[in-house]
Amino acid sequence: MSATLTSHAVLNAENSVINYQAKSMEFTTGALSGAGVNEVTQTISQMSGIFRDEVALRALNQSTVIYRVQLLVPVPGDTEGGLFLGTTFLEPGLVGDEYFMTKGHFHSIRNRSEYYITISGAGGLVLMDENRTTWVEPMSPGSIHYIPACVAHRVANIGNSVLSFIACWPSDSGHDYASILGCGFSARLRSIHGSPTLVSEQ
Ligand code: PAN
Ligand code: ZN
């Protein structure tokens, strides 16, 4: 007997079909689909303490979605040796003069690194090491960003359309948001005279 390899079947050495839950990515948007894809949404109301202008944040519609993340989490979060995959869809917009952005985090296990790959839109990847030195890398379709160990990361959408990017990181990394909520990044990506500018915090 022979079996046919389709997108919904895996063959073993005996050429019989093993159960397989297909997953796929739509390349123009980065959208994930298939078995086990989860989605997490962040609205304006969940972004308190992130942007410098809290008054401007409160003036916005609190139910507006700033970003959503589709996730493939094939193993539990404390598994050493596994990998997670996610696509983030970050809307365009401003809070005061600061671009819509992700919350940003260090990994809880500080030496865990990560790849970001931009699918669509225009962005800035804001990176900060443990000495609080901050820099920004431009994101455009196809750009690949290696986020080294011990470096906090956040993405700002500096364009007029949805910015989407893929991320891949070790499953046991964890996310330390508290350090960023407490001390922030040492610089922010702001629209100054209409141009994205990295401005140091006072
Ligand atoms: C990404 C981020 C995603 C959302 O998948 O989690 O872009 O950003 P925040 O987690 O900062 O809200 C990643 O860096 N994972 O490790
Ligand atoms: Zn990360």
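Note: the structure precedes this text.
Caption draft 1: Spatial organisation of a nonpolar patch on the surface. On the surface, Y115, I117, I144 and Y146 cluster together into a nonpolar patch covering about 410 Å² of accessible area. Summarising the element assignment, Y146 is placed in strand β14 (residues 144-147). Classification of Y146 as partly exposed rests on a relative accessible area of 44%.

Caption draft 2: Spotlight on the nonpolar core. The biggest cluster of nonpolar side chains holds 35 residues, and the ones touching the most others in it are M47, F51, I66, L90, Y116, L125 and V155. Mapped by element, the contributors of at least two residues to this core are α1 (54-59), β6 (65-72), β7 (83-90), β12 (123-128), β15 (152-157) and β16 (163-170). Contacts of L90, omitting those with residues within four sequence positions, involve I66, Y67, F100, M101, T102, V155, A156, N157, S161, V162 and L163.

Caption draft 3: Summary view of the site of ligand 1. Around ligand 1 there are 16 residues in total, and Y67, T88, G104, Y116 and Y177 lie nearest to it. A distance of 3.1 Å separates an oxygen atom of ligand 1 from a polar side-chain atom of H107. The contact in question runs from an oxygen atom of ligand 1 to an N or O atom on the side chain of Y177, over 2.5 Å. Relative to its unbound accessible surface of 390 Å², ligand 1 loses 96% to contact with the protein. Contributing elements (two or more residues each) for the shell around ligand 1: β6, β11 (114-120) and β16. At three residues, the largest contribution of residues to the shell around ligand 1 is made by β16. Residue classes in the shell around ligand 1 are distributed as seven nonpolar, seven polar and two charged.

Caption draft 4: The arrangement of the packing of aromatic side chains in detail. Taken as a whole, this structure holds three aromatic pairs when the rule is applied. Centroid distance Y116 to F165: 4.6 Å. Interplanar angle 40 degrees. Geometry classified as tilted. Note that Y116 is positioned in strand β11 and F165 in strand β16, a separation of 49 residues in sequence. In this structure, Y116 and F165 share a single accessibility class: buried. Positioned over the ring face of F89 is R68, at 4.3 Å from the centre of the ring.

Caption draft 5: Spotlight on the coordination of the zinc ion (ligand 2). Within the protein, the zinc ion (ligand 2) binds to H105 (NE2), H107 (NE2), E114 (OE) and H153 (NE2); these donor distances fall in the range 2.1 to 2.3 Å. Bound by six donor atoms, the zinc ion (ligand 2) shows angles of 74 to 172 degrees at the metal and therefore octahedral coordination geometry. Written as a sequence motif, the donor residues of the zinc ion (ligand 2) are H-x1-H-x6-E-x38-H. Both residues of the pair, H105 and E114, count as buried.

Caption draft 6: Examining the environment of F100 more closely. Among the structural elements, F100 can be located in the loop between β9 (98-99) and β10 (106-107). Judged by relative accessible area, which is 7%, F100 ranks as buried. Linking F100 and G36, residues 64 residues apart in sequence, is a C-alpha distance of 28 Å.

Caption draft 7: Inspection of the pairing of β12 at higher detail. In terms of burial, β12 is a largely internal element, six of the six residues being buried. On β12, burial covers both faces: G123, L125 and L127 on one face and G124, V126 and M128 on the other are all buried. Pairing between β12 and strand β13 (residues 134-139): six bridges, direction antiparallel. Bridged to M128 within β13 is T134. Adjacent in sequence and paired antiparallel, β12 and β13 are bridged by five residues, among which R132 carries a positive phi angle near 70 degrees. Relative to β15, β12 is paired through six bridges, and the arrangement is antiparallel. Within the sheet, the bridge partner assigned to L125 lies in β15 and is V155.

Cut-off values and rules
Residues numbered from 1 in each chain as written. Chains lettered and ligands numbered in written order. Predicted model: local features only at pLDDT ≥ 70, side-chain atom pairs only at ≥ 80, totals over all residues. Heavy atoms only, no water. Patch = residues over 30% accessible without salt bridge, like charges linked within 9 Å, V, L, I, M, F, W, Y side chains within 5 Å. Areas by Shrake-Rupley, 256 points an atom, 1.4 Å probe, with all protein chains shown as cover. Salt bridge = Lys/Arg side-chain N within 4 Å of Asp/Glu carboxyl O. Helix = DSSP H or I, 4+ residues; strand = E, 2+ residues; numbered from the N terminus. Buried < 20%, exposed > 50% of the residue type's maximum accessible area, 1.4 Å probe, protein only. Core = buried A, V, L, I, M, F, W, Y, C linked by side-chain atoms within 4.5 Å. Contact = heavy atoms within 4.5 Å. Near = heavy atom within 4 Å. Polar contact = N/O pair within 3.5 Å; in protein donor to acceptor, adjacent residues only side chain to side chain. Nonpolar A, V, L, I, M, F, W, Y, C, P; charged D, E, K, R; others polar. Phe/Tyr/Trp six-rings, centres within 6.5 Å; stacked < 30°, edge-to-face > 60°. Lys NZ or Arg CZ within 6 Å of the ring centre and 35° of its normal. Donors = N, O, S within 2.8 Å, 3.2 Å for Na, K, Ca; no water. Tetrahedral: all angles 85-135°; square planar, octahedral: opposite > 155°, others 65-115°. Pairing = 2+ DSSP bridges.

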